[in-house]
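For reference, the chains in residue letters:
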Amino acid sequence: PRGLGTVELDEPCLNPSDPSILDLQLRSLSKHQDLQPMEVRSIENAEKNPKEIENWVQRIEELNRTKPAPAVVYSRRMPDIEQLMQVWSAEFEEYLQQNPLPDMADLDLELKDYIKVIASILDVPVYGKLTETLHVIFTLYSEFKTNQHFSKTETMGASADPYNFGSIGN
């Protein structure tokens, strides 16, 4: 049939997609801001159909879980998170082993200076807006927390985790 796959969706009938959920999924992936209003589906006799309501809630929760994170546009170029997650050189790791960083709690610094110290250690540039620097730092932290390599060390106990991420709440 004409338009199949581009205008009309063809799928098995056993577990068909909910058109409104599919529309929401496509909207979440779209870069366009001028989207047409969407048609909202209703459940007939909802009070007699709790299973249908539960299915709807589950599909919406799944959609929200898989929705891509919003893009952040920085005022100046920031390094890629993957680049920041790269392993430090062996020489630098050895230097840190022989010359540990001071306990950050002991540093008598204002917050903005403390942020700059952390940013320089993590190789995150500091421009005029510290909020952008903090965004990169927290994004980097989040990536490390969800990284498979570091989640494996967390299950072995905090003593096996050289970065001690295990004691910090999610």
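Keep in mind that this is a model prediction, so the values were computed, not measured. (Residues numbered from 1 in each chain as written. Predicted model: local features only at pLDDT ≥ 70, side-chain atom pairs only at ≥ 80, totals over all residues. Heavy atoms only, no water.)

### Re the overall build of the protein chain
Here is step 1: Of the regular secondary structure elements, the protein chain holds seven helices and zero strands.
Here is step 2: From first element to last, N terminus to C terminus, the protein chain shows the α and β order α-α-α-α-α-α-α.
Here is step 3: Residues classed as buried in the protein chain amount to 15% of the 170 residues present.
Here is step 4: Put simply, the protein chain shows about 14000 Å² of open surface, and 54% of that area lies on carbon and sulfur atoms. (Helix = DSSP H or I, 4+ residues; strand = E, 2+ residues; numbered from the N terminus. Buried < 20%, exposed > 50% of the residue type's maximum accessible area, 1.4 Å probe, protein only. Areas by Shrake-Rupley, 256 points an atom, 1.4 Å probe, with all protein chains shown as cover.)

### A look at the nonpolar core
Here is step 1: Grouped together as the largest cluster of nonpolar side chains are ten residues: Met 78, Ile 81, Leu 84, Met 85, Ala 119, Val 124, Val 136, Ile 137, Leu 140 and Phe 144.
Here is step 2: Among the elements of the structure, α3 (81-84) and α6 (130-146) are those that each provide at least two residues to this core.
Here is step 3: Considering each element in turn, this core owes the most residues, four residues, to α6.
Here is step 4: Once residues lying within four places of it in the same chain are set aside, the contact partners of Met 78 are Pro 125, Tyr 127, Glu 132, Thr 133 and Val 136. (Core = buried A, V, L, I, M, F, W, Y, C linked by side-chain atoms within 4.5 Å. Contact = heavy atoms within 4.5 Å.)

### With respect to unusual backbone geometry
Here is step 1: The phi dihedral of Asn 45 falls on the positive side, at around 50 degrees, and the residue is not glycine.
Here is step 2: For Asn 45, the location among the structural elements is in the loop between α1 (19-29) and α2 (50-66).
Here is step 3: At Asp 123, a residue that is not glycine, the phi angle is positive and equals roughly 65 degrees.
Here is step 4: With respect to the helices and strands, Asp 123 occurs in the loop between α5 (111-122) and α6.
Here is step 5: What makes Asp 123 exposed here is its relative accessible area of 59%.

### Remarks on the packing of aromatic side chains
Here is step 1: Tallied over the entire structure, the rule returns one aromatic pair.
Here is step 2: Note on Trp 88 and Phe 92: the rings are 4.9 Å apart at their centroids and 85 degrees apart in plane angle, and the pair reads as edge-to-face.
Here is step 3: Trp 88 sits in the partly exposed class, given a relative accessible area of 31%. (Phe/Tyr/Trp six-rings, centres within 6.5 Å; stacked < 30°, edge-to-face > 60°.)

### Notes on the packing of α5 against α6
Here is step 1: Direction vectors running N to C along α5 and α6 enclose 50 degrees, while the axes themselves pass 10 Å from each other. As judged from the angle between their axes, α5 and α6 are oblique. As α5 packs across α6, the resulting crossing turns out to be left-handed. Contacts between α5 and α6 involve Lys 112, Ile 115, Lys 116, Ile 118, Ala 119 and Leu 122 from the first element and Leu 130, Thr 133, Leu 134, Ile 137 and Leu 140 from the second.
Here is step 2: For the contact of α5 with α6, the per-class residue count stands at eight nonpolar, one polar and two charged. (Axes fitted to C-alpha atoms, helices over the stretch in contact; angles between N-to-C directions. Parallel < 35°, antiparallel > 145°, perpendicular 65-115°, else oblique. Left-handed = near helix turned anticlockwise from the far one by under 90°. Nonpolar A, V, L, I, M, F, W, Y, C, P; charged D, E, K, R; others polar.)

### With respect to the side chain of Glu 132
Here is step 1: Position of Glu 132 relative to the elements: it lies in helix α6.
Here is step 2: Despite its burial, Glu 132 pairs with no opposite charge; the closest candidate is Lys 129, at 4.4 Å N-O.
Here is step 3: When sequence neighbours within four positions are dropped, the list of residues in contact with Glu 132 reads Tyr 74, Ser 75, Arg 76 and Met 78. (Lys, Arg positive; Asp, Glu negative; His and termini not counted. Salt bridge = Lys/Arg side-chain N within 4 Å of Asp/Glu carboxyl O.)

### A look at α5
Here is step 1: Under the 1.5 Å per step criterion, the end-to-end length of α5 is 17 Å for twelve residues, consistent within 8% with the ideal 16 Å.
Here is step 2: Remark: Asp 123 follows α5 within two positions and exhibits a positive phi of approximately 65 degrees. (Expected span 1.5 Å × (residues − 1).)

### Section: the confidence of the model for the protein chain
Regions with low pLDDT carry predicted coordinates that are not meant to be interpreted in detail.
Here is step 1: In the predicted model, the protein chain carries a mean pLDDT of 78, and 72% of its residues have values of at least 70.
Here is step 2: Confidence, expressed as mean pLDDT per element, reaches its minimum in the protein chain at helix α7 (residues 148-155) with 61 and its maximum at α5 with 92. (pLDDT = per-residue confidence, 0-100.)

### Describing the environment of Ser 42
Here is step 1: Residue position: Ser 42 is located in the loop between α1 and α2.
Here is step 2: Judged by relative accessible area, Ser 42 falls into the exposed class, the value being 57%.
Here is step 3: For the pair Ser 42 and Ile 53, spaced eleven residues apart in sequence, the C-alpha to C-alpha distance is 9.9 Å.

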